[in-house]
Structures are given as structure tokens and as C-alpha cells.
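Each chain, written out:
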Amino acid sequence: MHKIKVVSRRAPRVVEQALCLDDFEPLAERKLPRAIFKYVSGHAEDGATHRRNLKSFAERSFVPNILVDVSRTDASTRIFGVDYASPFGIAPMGFSRLVAPDCDVLFAQEAARARLPFILSGASLTRLEEVRQAGATSWFQAYIPGDETRILPLVERVERAGFDTLVVTVDTAVHGQHELAARHGFRSPVRPTADLAWQGMTRPVWLWRVLLRSLLTRNAPHFENMDAERGPPVFSRTLVRDIGLRSSLSWTHIGLLRRRWTGKLVLKGVMSAADARMAEKVGVDGVIVSNHGGRQIDCAQGSLDLLERIAGQVDRLTVMFDGGIRRGSDVLKAVKLGAQLVFVGRPFLLAAAAGDRVGVEHAIALLKDEITRTMALLGINRLDEFDDIPLIRDSRG
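Note that the structure is a prediction, hence the values are computed from the model and not measured.

Structural notes on the overall build of the chain
Then, number 1: A tally of helices and strands in the chain yields 15 helices and twelve strands.
Then, number 2: For a compact globule of 397 residues, the expected C-alpha radius of gyration is about 21 Å, and the chain comes in at 21 Å, within 12% of that figure.
Then, number 3: Projected onto its principal axes, the C-alpha positions of the chain cover 70 × 65 × 45 Å.
Then, number 4: Considering only intrachain contacts with a sequence separation of at least 6, the fraction spanning at least 24 residues in the chain is 75%.
Then, number 5: If the 55 positive side-chain charges of the chain are averaged to one point and the 46 negative ones to another, these points end up 5 Å apart.

Listed below in C-alpha cells is the structure:
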């Protein structure tokens, strides 16, 4: 009789150690230079808005139903005529290429494989054409200046690349104050210093895989997607970052975009019902309720606290959400309060830092599993069955 040989394969370390999204943070901290880690995990000013985002989820809890057949749990959702496997996507994040090699391409590929949307940041260091080719479920997020001569060429470039959804970030009229990152040496553009050099040397794997290989292949990181043409380098001793008339951006420019852009148009950074109604009036297709993850203004309410109010005062807008998602139950709380899709940023970037492709794939799987598991424990099979599941707010958290 032949014996069957069983081969044991040990899971990658990041899979063994990360049991939830929060577990990626300490793993990433051990791999990244201090300045970059503080930028990724940080916030504006004192971090009050960031903490409100997280606290808003802790203050709310469900009342589950029991003895419901939940053997057919399905978390799929349909947005802008596209079916997605779960009600979340990967949020836009700038400088991702400084966190993991080809990070935006990786996000695009893994999101498409998982049937989820990924929003490429206008502050990306990888050309938008390359990212769109890597993943057909990618959207593009733009930082639009209040200057028609710069708006239209960028829109034409995005259109030629094949993107069908354009996301305009509207809460960056000026830069937020990132004191935490600045204290550790991260500013934009990045000015090389002895301290930053030492931080890189103490992370030799990151130094080789992320930075030196780019420099040796003469592909030094640049701002690739701020305009129709390639932007300035990320590393410079003399360059001063110019955000290019974003303080002049107004509803007039959004109207211009609506007339020119033939795809779906989304505004990211909406925090008031009045602004959501105005977006609906000018023909915008969707809004993302967001305070930029607490990275812009530090005296704003938590995004979740405003979501229900906004969702209840618009008719045809697709309402989405961003800010503070760390658990599958957080996704479902946002869905309960009116979000049709939720975006998650920081945890996925930390997952990429911790384990590259395996880390991102694992993070997506963790969140997908938490969502369907929580749905089953609440007693629902589909996302449209929330009517009989109360969500209670407890001010004590």
C-alpha cells in the first residue's frame, strides 16, 4: 500500500500575525523608516478629528436577530452599474510607492481580483495609465485646481487612460498641518537630510526594494498625476510644493467638469447635507462623506456622525463613506446609516508595508470575512435587510 505524503506549508508570517486590520500597524512600523510610518499612520494637528472618526463607531452598536437562516449570506453590492463582491473599496492614498514597491499597481491588481473598487490618488507616484491597465475596477481621484486651462487637459488624459469614474477631492483648499510627520522628517517635497538617510539605512530591506532600485533604474519618484504632464520630483532640497490654485476651486469648476466629463463624477470630502444637495443639483453622480481621515481639518465632526443626515436629504446621489473603518462591523454600521459603499485607506497601506501583495490580499480577505460573519451573526443574508436591525448610539462609547 502506498503511503500518502502530506506536505505542510507554513503560511507567510504576515498572515499568521495579522488577525485583524489593526494588526498590520505594528508590523509596518518595524519595516518602514520612522518618517514614512508617521506620515502613513498620522493625522493633522492634534489628531482630534481622527479620534472622533474612530470613536463614532465605538459609540454605536447593533441589536441582532436570532434563529434566522443565514446560510446564503451575500455581501455583494451594485454601484454605478457595476457589481462588487463586498461593500468596500481601497481609498486613494498619495506617496504609496514610498511604502511598498509599485504599491498602486498592486492595489489595482488585488482590488480587481477581489472584485472591489480602488481609487488611484492624484498624489500617486505611478502613472495613472499604468494603474488603469493593471486593474479595470480602478477609479481616479484628482486634485483639481481652480484653473480651467489645467482642468481640461487632465480630464482628457484621465479619459484617454480608460477611467470611467472620476473622484474630485474637495476638502484640500489648503494643506492640512501634519505636525507628527514633520517632526520625524516627512514633508512634501521630501528634503534629504542626515536623519532621513539614517532612517533609511536602518531599514535596509525598504531602502533597497523601495528607493534604491528606483534610483538605479533612473525612475526616481515624481508626482505623476497632478496634471496632464509629469510633475516635479518627490525628493528635492530646494523645491517648494505648489498645490496650484486649489483655494480657487468652486462650484463653477465642478459644473465645468460635469459638462466635460462623460463618466461618473464623484465628490470626496463632503461633510454637510447642503453641499450634498448642491452636488446633486449640478449633476454630480455621487459623494463620499469624508473628513480626509482626520488629515486635513482637526476641528470637524466624525464622518459617521454626518452620514445619516446627508444620506437622508438627497434623492438620486450615490452616497459613499470614508474615515475610521477598521472592522467589518464598521462597514456595516456605515451601510446601515446610508452608505452604499465604504472606502478604507490607512489599513491597506500598512498591510502593503507589512507584507506587499500577500499583506494586501490578506487584509482584503480579513475584511470580507468579517463583513459576512457579522451579517450572519446579526441575522441578515443581504445588505438590504437592515430595516429590522436597530443601530443604537451610546454616548459613553
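Remarks on helix H10 (residues 204–216)
Then, number 1: If you check H10, its first and last C-alpha atoms are just 15 Å apart, much less than what 13 residues at 1.5 Å a residue would give, namely 18 Å.
Then, number 2: Along H10, the sharpest kink reaches roughly 30°, centred on Val 210.
Then, number 3: Residues Trp 206, Leu 207, Val 210, Leu 211 and Ser 214 constitute the buried set of H10.
Then, number 4: In this structure, the buried side of H10 is in contact with helix H3 (34–41) and helix H9 (194–201).

Examining the confidence of the model for the chain
Do not read the predicted coordinates in detail wherever pLDDT is low.
Then, number 1: Averaged over every residue, the pLDDT of the chain is 90; the share at 70 or more is 94%.
Then, number 2: This stretch, residues 1–8, has a pLDDT under 50; its non-local contacts, to residues over four places away or in other chains, come to zero contacts.

Comments concerning the pattern of salt bridges
Then, number 1: Taken as a whole and assessed by the stated rule, the structure comprises 22 salt bridges.
Then, number 2: Here Glu 129 and Arg 157 are joined by a salt bridge, their closest N and O atoms 2.8 Å apart. One end of the pair, Glu 129, is in helix H6 (residues 128–134); the other, Arg 157, is in helix H7 (residues 148–161), and 28 residues separate them in sequence.
Then, number 3: Judged by its relative accessible area of 22%, Glu 129 is partly exposed.
Then, number 4: Exposure remark for Arg 157: the relative accessible area of 3% places this residue in the buried category.

Thoughts on a nonpolar patch on the surface
Then, number 1: Residues Trp 208, Leu 212, Leu 215 and Leu 216 make up a contiguous nonpolar surface patch of roughly 400 Å² in combined accessible area.
Then, number 2: Looking at where Leu 216 falls in the secondary structure, it is placed in helix H10.
Then, number 3: Its relative accessible area of 63% is what places Leu 216 among the exposed residues.

So, unusual backbone geometry
Then, number 1: In the Ramachandran plot, Asp 102 falls in the positive-phi region, its phi being about 50° despite a non-glycine side chain.
Then, number 2: Of note, Asp 102 is situated in the loop between strand E4 (88–90) and helix H5 (103–113).
Then, number 3: By relative accessible area, Asp 102 is classed as partly exposed at 45%.
Then, number 4: The backbone of Asp 356 sits at a positive phi, close to 50°, despite the residue not being glycine.
Then, number 5: Counting through the fold element by element, Asp 356 comes out in helix H15 (residues 346–378).

Comments concerning the packing of helix H14 (residues 328–336) against H15
Then, number 1: In contact at an axis separation of 7 Å, H14 and H15 are set at 65° when each is read in the N-to-C sense. Crossing angle aside, the handedness with which H14 passes H15 is right-handed. Residue-level inspection shows Gly 328, Ser 329, Val 331 and Leu 332 of H14 in contact with H15, the latter providing Leu 367, Glu 370, Ile 371, Thr 374, Met 375 and Leu 378.
Then, number 2: Of the residues belonging to the contact of H14 with H15, the class tally is six nonpolar, three polar and one charged.

Some thoughts on the pairing of strand E8 (residues 264–270)
Then, number 1: Across the seven residues of E8, six count as buried, placing the element largely inside the fold.
Then, number 2: In the sheet, strand E7 (residues 165–169) pairs with E8 via five bridges, with the strands oriented parallel. Each bridged residue has a counterpart across the sheet, and for Thr 165 the counterpart in E8 is Lys 264.
Then, number 3: As paired elements, E8 and strand E9 (residues 286–289) share four bridges and run parallel to each other. When the bridges of E9 are listed, Leu 267 appears paired with Val 287.
Then, number 4: The β-α-β motif built from E8, the intervening helix H12 (residues 273–281) and the parallel element E9 has right-handed crossover chirality.

A word on H12
Because each turn of an α-helix spans 3.6 residues, side chains separated by three or four positions end up pointing in the same direction.
Then, number 1: Among the residues of H12, those classed as buried are Ala 273, Ala 276, Ala 279 and Glu 280. Taken end-on, H12 shows its buried residues confined to a sector of 115°, consistent with a single buried face.
Then, number 2: Looking at the packing, one finds that the buried side of H12 touches helix H11 (251–260), E8, E9 and helix H13 (303–311).
Then, number 3: Note on H12: the residue one or two positions beyond its end, Gly 283, has a positive phi of about 95°.

Remarks on the packing of aromatic side chains
Then, number 1: The final tally for this structure, using the stated rule, is eleven aromatic pairs.
Then, number 2: With centroids separated by 4.4 Å and ring planes inclined at 25°, the aromatic side chains of Tyr 39 and Phe 186 adopt a geometry described as stacked. Of the two residues, Tyr 39 is situated in helix H3 and Phe 186 in the loop between helix H8 (179–183) and H9; the sequence distance between them amounts to 147 residues.
Then, number 3: Among the residues examined, Tyr 39 registers a relative accessible area of 15% and is labelled buried.
Then, number 4: Note on Phe 186: relative accessible area 7%, which makes it buried.
Then, number 5: Of the aromatic side chains, those joined through ring pairs into one cluster are Tyr 39, Phe 95, Phe 186 and Phe 223.
Then, number 6: The ring of Phe 163 has Arg 132 lying over it, and the distance from NZ or CZ to the ring centre is 5.5 Å.
Then, number 7: In this structure, Arg 295 is placed above the aromatic ring of Tyr 39, and the distance from its NZ or CZ to the ring centre is 4.7 Å.

Observations concerning the UniProt feature "binding site: glyoxylate" (unreviewed entry) in the chain
Then, number 1: The positions UniProt marks with the feature "binding site: glyoxylate" (unreviewed entry) are Tyr 39, Tyr 143, His 292 and Arg 295.
Then, number 2: Residue contacts for Tyr 39: discarding those within four places in its chain leaves Gly 94, Phe 95, His 178, Ala 181, Phe 186 and Arg 295.
Then, number 3: For Tyr 143, the location among the structural elements is in the loop between strand E6 (138–142) and H7.
Then, number 4: Discounting chain neighbours no more than four positions away, the residues touching Tyr 143 are Ser 121, Gly 122, Ala 123, Thr 169, Thr 172, Met 226, Arg 246 and His 292.

What counts as what
In this convention, every chain numbers its residues from 1, walking through the sequence in written order. In view of the model being predicted, local features appear only for residues whose pLDDT reaches at least 70, and side-chain atom pairs are presented and counted only at 80 or more, with totals across whole chains, interfaces and linings using the full set of residues. Calculation of side-chain values draws on the structure's entire complement of heavy atoms; hydrogens and water are dropped beforehand. Helix and strand assignments come from DSSP, with helices taken as H or I runs of at least 4 residues and strands as E runs of at least 2, each series counted from the N terminus. Note that the radius of gyration is over C-alpha atoms, with the globule rule given as 2.2 Å times the number of residues to the power 0.38. Only heavy atoms enter the contact rule, under which two residues are in contact if any of them lie within 4.5 Å. The convention is simple: Lys and Arg are positive, Asp and Glu are negative, and His and the chain ends are not counted. By convention, charge coordinates are those of NZ in Lys, CZ in Arg, CG in Asp, or CD in Glu. The span one expects for a helix is its residue count, reduced by one, times 1.5 Å. What we call the bend at a residue is the angle made by axes fitted to the seven residues finishing there and the seven residues starting there. Classification of residues uses two cut-offs on accessible area relative to the type maximum, computed with a 1.4 Å probe and protein chains only: under 20% is buried, over 50% is exposed, and between them is partly exposed. Confidence of the prediction at every residue is given by pLDDT, a number between 0 and 100. Within this document, salt bridges are pairs made up of a side-chain nitrogen of Lys or Arg and a carboxyl oxygen of Asp or Glu, the two lying within 4 Å of each other. Like charges within 9 Å and nonpolar side chains (Val, Leu, Ile, Met, Phe, Trp, Tyr) within 5 Å are joined into patches, using only residues over 30% in relative accessible area that form no salt bridge. All accessibility values rest on the Shrake-Rupley procedure with a 1.4 Å probe; residue burial counts only the protein chains present in the view. Under this scheme, a helix contributes an axis fitted over its contacting stretch, all axes are lines through C-alpha atoms, and angles between N-to-C directions fall in the 0 to 180 degree range. Crossing handedness is defined as follows: a turn of the near helix away from the far one that is anticlockwise and smaller than a right angle gives a left-handed crossing, while the clockwise case is right-handed. Nonpolar residues are Ala, Val, Leu, Ile, Met, Phe, Trp, Tyr, Cys and Pro. Charged residues are Asp, Glu, Lys and Arg, and all others, Gly as well, are polar. A pair of strands counts as paired when DSSP detects no fewer than two bridges linking them. Orient the strands so they point away from the viewer; a crossover is then right-handed if the path from the first strand over the helix to the second runs clockwise. Throughout, the arc means that of the directions going from the helix axis to the C-beta atoms. Note on ring pairs: Phe, Tyr and Trp rings are taken, using the six-membered ring of Trp, and paired if centres are within 6.5 Å. Classes follow the plane angle, with under 30 degrees stacked, over 60 edge-to-face and the rest tilted. Consider the ring centre and the ring normal. A charge sits over the ring if Lys NZ or Arg CZ is within 6 Å of that centre and within 35 degrees of that normal. UniProt positions are given in the numbering used here, feature names are shortened, and annotations may be inferred rather than shown by experiment.

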